[in-house]
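# Structural characterization, general
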Amino acid sequence: MLSKLRLLRPPVSPGSRILNAWENKNYSDKKNGSGKNNRGKTTPPLIQDEFSTNPKSPTTTHSSESENNYGWQNDSKNKQSFRNWSLFGGAIILSGTVYGIYHFDIMKQKNDDNLTTEETTNAKKIRKLVQIPSLSESIPDNIQYLLIGGGTASFSAFRAIKSADPTARVLVISAEGYLPHMRPPLSKELWYGDDTEMAKSLNFHQWNGTSRSLFYEPEPFYTPVEELTTAKNGGISLARGWKVESINVSKKKVKLNDGKEISYDKCLIATGSVPKTLKLYDDANEELKNKFSVFRSISDFEDLWEQLDHIKSIAIIGGGFLGSELAASLANKGKKNGVKIYQIFKEKGNMGKVLPKYLSQWTTEKVRNEGVEVVTETEVENCSLENNKRQVNLKLSNGKNISVDHVIMAVGAKPNTELATDAGLEIDSKLDGYLVNSELQARTDLYIAGDCACFYDKQLGRRRVEHHDHAVISGRLAGENMAGAAKPYQHQPMFWSDIGPSVGYEAIGIVDSSLVTMGVFAKGNHKDPSLLANETDQNTLTNKKETNEELGSKNNETISENDYNKGVVFYLKNDVIVGIVLWNLFNRMSIARQVLKTDRCYKDLNEVAKLFNIHGDSS
């Protein structure tokens, strides 16, 4: 029917064609959401307008009477000519109007696009925390095992509990909205590889080539909270998005953020740690704070991943584990998007508080080779917004300024001990964290594990460790003890770090660059290990310094030629090894534990280094 109407339509004046074409464009724009792809594809109007010419009108009819009415005809011609000129002028005016509207539409669309990009870079993504279950009424009033925190320590604990007590009923209350997961890949493995969709789904390739999920177990592994009390063989339930506000230790009860109380038989606090922030950030207004972030959770990873599509520069403040790992990872990822990465810290080199000076400086060069602009021995003194509030200007203590689109604060973490006050739990005055005994117990039937536990190491003294291995082992031991094992914590926790493709290491014990250190590294491809570096701090005894200088000068040529690709570094306190770094050496941790366990002075550390078979296969 439509095609027939089009065939029967009368002629249309030029001005009317333009007007109706524009009206049709607006309809097309509304229908399709934008006019960019529809301009010029207009449908002719179906209804004749008032200026259309009628074929039967006198102006188009010729008769013999027209010769006798020349005056009328001439007047009619003049009127028709005036009408034509009027129509022509109207068409020009209308065309200009149409062009103006068209140009305005284009500019508005561009401004909208720019606004969208600006909003993406200026505003933090607001995430709504989903509570599962939605009502606390679904959470049991009484529970056998209550675990506060949904991280690695908690996961390790409930696995141990179920192993010792197969019918146990375990309730995990996590303030996060995610399933229990590991954190290390968030700053390392997830940023490498070409499979974007894999990373977005929080799956990654391990360094050995195998792939795995960030989550320890899929959702079906967990028993729905509503079914926990009736499940035949017990189960492990996860209440996500809920927070424990306080603990009454004497009554063995906790209170949730909505006021609900839960009684427990045994309880574990595994609340981990929270990122520290800079004072200049704490004092800033909200507009400026939107340009800063910390990096710890899955949400932080997802937000940063999305931002890399819209920003061109990032400054990472901090030269420790997280700052160095993230700088190398983002530089690798940013190469494809043209994102410039700055790393700013007050030490002389990356991992300056952990690695000896020479190794820290060597690592810094490796980070620079990844494309990171490393700014050392510098602190951020002030910051302000610039470029229409789209960038942050960082004023550095060295007198320079750096302008970036976003700033990440990687300046350390502090244990989450906010439950201590109401619970009456003791916090270590020096190391922070909940004080626990050798069985990781803070009070009767109340245990602590992971980052927030301050435990006693019979060899190295009181300690608090913020690493994955400690979370796994301390969580496991706490779970076993909650189920009745009563074992002491005797594990010597290790940690590892990967800074780009050429720097990877494992460490154990007290690894502090202020201690006396001695490094033994492989020289080239030779079959014998050589003493290539021997660094000491300024507090070393004179005779020890002279010995080290003699060894250093004897091997000065080999030191300068060495690339520190593989070796072992010993950390000494009163001539006793208290820490060991295995530099690009793997599968040697059991040896390091044995060396540390002997707790004695060694006359020749070169002989100790031979135990690690530096030139051997470390895969």
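To start, this report covers the structure provided alongside it. Because the structure is predicted, anything quoted here is derived from the model rather than measured. (Residues numbered from 1 in each chain as written. Predicted model: local features only at pLDDT ≥ 70, side-chain atom pairs only at ≥ 80, totals over all residues. Heavy atoms only, no water.)

## Points about the overall build of the protein chain
Our working definition: The helix and strand labels rest on DSSP assignments: H or I over at least four residues marks a helix, E over at least two residues marks a strand, and numbering proceeds from the N terminus. Contacts are assigned to residue pairs that have any heavy atoms within 4.5 Å of one another. Surface accessibility follows the Shrake-Rupley procedure with a 1.4 Å probe radius. Residue values consider only the protein chains on display as shielding.
Broken down by element type, the protein chain carries 16 helices and 29 strands. Within the protein chain, contacts between residues at least 6 apart in sequence are counted, and of these 67% link residues at least 24 apart. With the model as given, the accessible surface of the protein chain reaches about 32,300 Å², and the carbon-plus-sulfur share is 49%.

## Considering the layout of surface pockets
For clarity, the threshold we go by: Cavities and pockets were defined on a 1 Å grid built from protein atoms only: a cavity is a group of points that admits a 1.4 Å probe but offers it no way out, a pocket is an open group of points flanked by protein on both sides within 12 Å along at least five of seven lines, and a lining residue is one with an atom within 4 Å of any such point. Grid points are joined across faces, edges and corners, and a volume is the space filled by probe spheres set on the points.
Computed from the structure, the second largest pocket encloses a volume of approximately 790 Å³. Along its surface, the second largest pocket is lined by 29 residues, and Trp207, Trp496, Asp498, Glu506 and Phe586 are the ones closest to its centre. The biggest single contributor to the lining of the second largest pocket is strand S24 (residues 494-498), with 4 residues.

## Topic: the packing of aromatic side chains
Quick note on the threshold: Any two of the Phe, Tyr and Trp rings considered here, Trp counted by its six-membered ring, make a pair once their centres fall within 6.5 Å; the pair's planes then place it as stacked at under 30 degrees, edge-to-face at over 60, or tilted in between. Each residue gets one of three labels from its accessible area relative to the maximum for its type: buried under 20%, exposed over 50%, partly exposed in between, using a 1.4 Å probe on protein chains only.
A complete count under the given rule lists 18 aromatic pairs for this structure. Here Phe321 and Phe495 contribute two aromatic rings whose centre-to-centre distance is 5.1 Å and whose plane-to-plane angle is 80 degrees, an arrangement assigned as edge-to-face. Here Phe321 is found in helix H9 (residues 321-337), whereas its partner Phe495 is found in strand S24, with 174 residues between them in sequence. Look at Phe495 and you get buried, because its relative accessible area is 8%. On the basis of an interplanar angle of 65 degrees and a centroid distance of 6.1 Å, the ring pair of Trp362 and Trp583 is categorised as edge-to-face.

## Describing the pattern of salt bridges
Counted only if it meets this: Salt bridge, as applied in this entry: a Lys or Arg side-chain nitrogen positioned within 4 Å of an Asp or Glu carboxyl oxygen.
A full pass over the atoms with the stated rule returns 19 salt bridges. Across the salt bridge formed by Asp445 and Lys252, the nearest N and O atoms sit 3.0 Å from each other. Placement of the pair is Asp445 in the loop between strand S20 (441-443) and strand S21 (446-448) and Lys252 in the loop between strand S6 (244-248) and strand S7 (253-256), with a sequence separation of 193 residues. Its relative accessible area of 15% is what places Asp445 among the buried residues. Where Arg593 meets Asp469, a salt bridge forms, and the shortest distance between an N and an O atom there is 3.6 Å. Residue Arg593 is found in helix H15 (residues 589-598), and its partner Asp469 is found in helix H12 (residues 468-482); the two are separated by 124 residues along the sequence. On the accessibility criterion, Asp469 (14% relative accessible area) is buried.

## A few points about the sheet that holds strand S14 (residues 380-386)
The following threshold applies: Pairing between strands is defined by DSSP: at least two bridges between the two strands are required. Note on geometry: axes are lines fitted to C-alpha atoms, helical ones only across the stretch in contact, with angles between N-to-C directions running from 0 to 180 degrees.
The strand order across the open sheet formed by 3 strands is S14-S15-S16, and the pairing between neighbours is antiparallel. Either end of the sheet is taken by a strand with one partner, and the two such strands are S14 and strand S16 (401-404). Put simply, the sheet's adjacent strands are angled 20 degrees from each other on average, direction ignored. Of the strand pairs in this sheet, strand S15 (residues 391-396) and S16 are connected by 4 bridges, and their pairing is antiparallel. Bridged to Lys395 within S16 is Asn401.

## A word on the sheet that holds strand S11 (residues 313-317)
Whether parallel or antiparallel, the strands of a sheet pair through hydrogen bonds between backbone atoms. Overall, parallel pairing links the 5 strands, which are arranged S10-S17-S11-S12-S13 in an open sheet. Edge positions in the open sheet fall to strand S10 (292-294) and strand S13 (372-375), since each of these has one partner strand only. Shown here is a sheet whose adjacent strand axes are inclined to one another by a mean of 25 degrees, direction ignored. Pairing analysis gives 3 bridges linking S10 to strand S17 (residues 406-409), with the strands arranged parallel. Its bridge partner lying in S17, Phe292 is registered against Val407. Relative to the sheet, H9 contacts S11, strand S12 (340-344), S13 and S17, its axis offset from that of S12 by approximately 165 degrees.

## Structural notes on helix H8 (residues 298-307)
At 3.6 residues per turn, the α-helix brings residues three or four places apart onto the same side. Of all 10 residues making up H8, 7 are buried, and the element is well covered by its neighbours. Buried residues of H8: Ile298, Ser299, Asp300, Phe301, Leu304, Trp305 and Gln307, and no others.

## Description of the pairing of strand S8 (residues 261-269)
Two faces, one strand: in a regular strand the side chains alternate between the faces of the sheet. For strand S1 (residues 142-148) and S8, the ladder comprises 6 bridges, and the chain directions are parallel. If you follow Asn142 over to S8, its bridge partner there is Ser263. In the sheet, S7 pairs with S8 via 3 bridges, with the strands oriented antiparallel. When the bridges of S8 are listed, Val254 appears paired with Ile262. Count of turn residues in the S7/S8 antiparallel hairpin: 4 residues, of which Gly259 carries a positive phi of about 100 degrees. Both S8 and S21 contribute to a ladder of 3 bridges, which runs parallel. Paired with Leu268 across the strands is Tyr447, a residue of S21.

## Quick look at the pairing of S13
Pairing of S12 with S13 involves 4 bridges; the strand directions are parallel. Within S13, the position partnered with Ile344 by the bridge is Val375.

## Details of the packing of helix H4 (residues 152-164) against H12
We count it as follows: Should the near helix be turned anticlockwise from the far one by less than a right angle, the crossing is left-handed, and should it be turned clockwise, the crossing is right-handed. Side-chain classes are defined by residue name, with Ala, Val, Leu, Ile, Met, Phe, Trp, Tyr, Cys and Pro counting as nonpolar, Asp, Glu, Lys and Arg as charged, and the others, Gly among them, as polar.
The N-to-C vectors of H4 and H12 enclose an angle of 35 degrees; their axes lie 7 Å apart at closest approach. Regarding H4 and H12, the two cross each other, and that crossing is right-handed. Here Thr152, Ala153, Ser156, Ala157, Ala160 and Ile161 of H4 lie close against H12, whose contacting residues are His468, Ala471, Val472, Gly475, Arg476, Gly479, Glu480 and Met482. Its residues placed into classes, the contact of H4 with H12 shows 7 nonpolar, 5 polar and 2 charged.

## Some words on a positive patch on the surface
How we decide: A patch is a set of surface residues, each over 30% in relative accessible area and not in a salt bridge, joined within 9 Å for like charges and within 5 Å for the nonpolar side chains Val, Leu, Ile, Met, Phe, Trp and Tyr. Charged residues are defined narrowly, with Lys and Arg counted positive, Asp and Glu counted negative, and His plus the chain ends left uncounted. Charge positions come from single atoms, namely NZ of Lys, CZ of Arg, CG of Asp or CD of Glu.
On the surface, Lys276, Lys346, Lys353 and Lys414 cluster together into a patch of positive charge. For Lys276, the location among the structural elements is in the loop between strand S9 (273-275) and helix H6 (279-282).

## Overview of the environment of Arg476
Within the fold, Arg476 resides in helix H12. Along the sequence, Arg476 and Phe158 sit 318 residues apart, while their C-alpha atoms lie 7.9 Å from each other.

## Concerning H15
To keep things clear, this is the line we draw: The arc in question is formed by the directions pointing from the helix axis toward the C-beta atoms.
Listing the buried residues of H15 in full gives Met589, Ala592, Val595 and Leu596. Across the axial projection of H15, the buried residues extend over an arc of 120 degrees, all falling on one side. Turned more than 90 degrees off the buried face of H15, the exposed positions are Ser590, Gln594 and Lys597. Contact partners of the buried residues in H15: S24, strand S25 (504-509), strand S29 (576-583) and helix H16 (605-610). Asp599 sits one or two residues past H15 and shows a positive phi near 50 degrees.

## Observations concerning the side chain of Asp457
Short version of the rule: Polar contact criterion, stated in full: a pair of N or O atoms within 3.5 Å, where within protein one must be able to donate a hydrogen and the other to accept it, and residues adjacent in sequence count only if both atoms are side-chain atoms.
Among the secondary structure elements, Asp457 is positioned in strand S22 (residues 453-457). Here the side chain of Asp457 touches Gln492 through a polar contact of 3.2 Å, side chain to side chain. In this structure, Asp457 is in contact with Arg462, Arg463 and Gln492, ignoring residues within four places of it in sequence.

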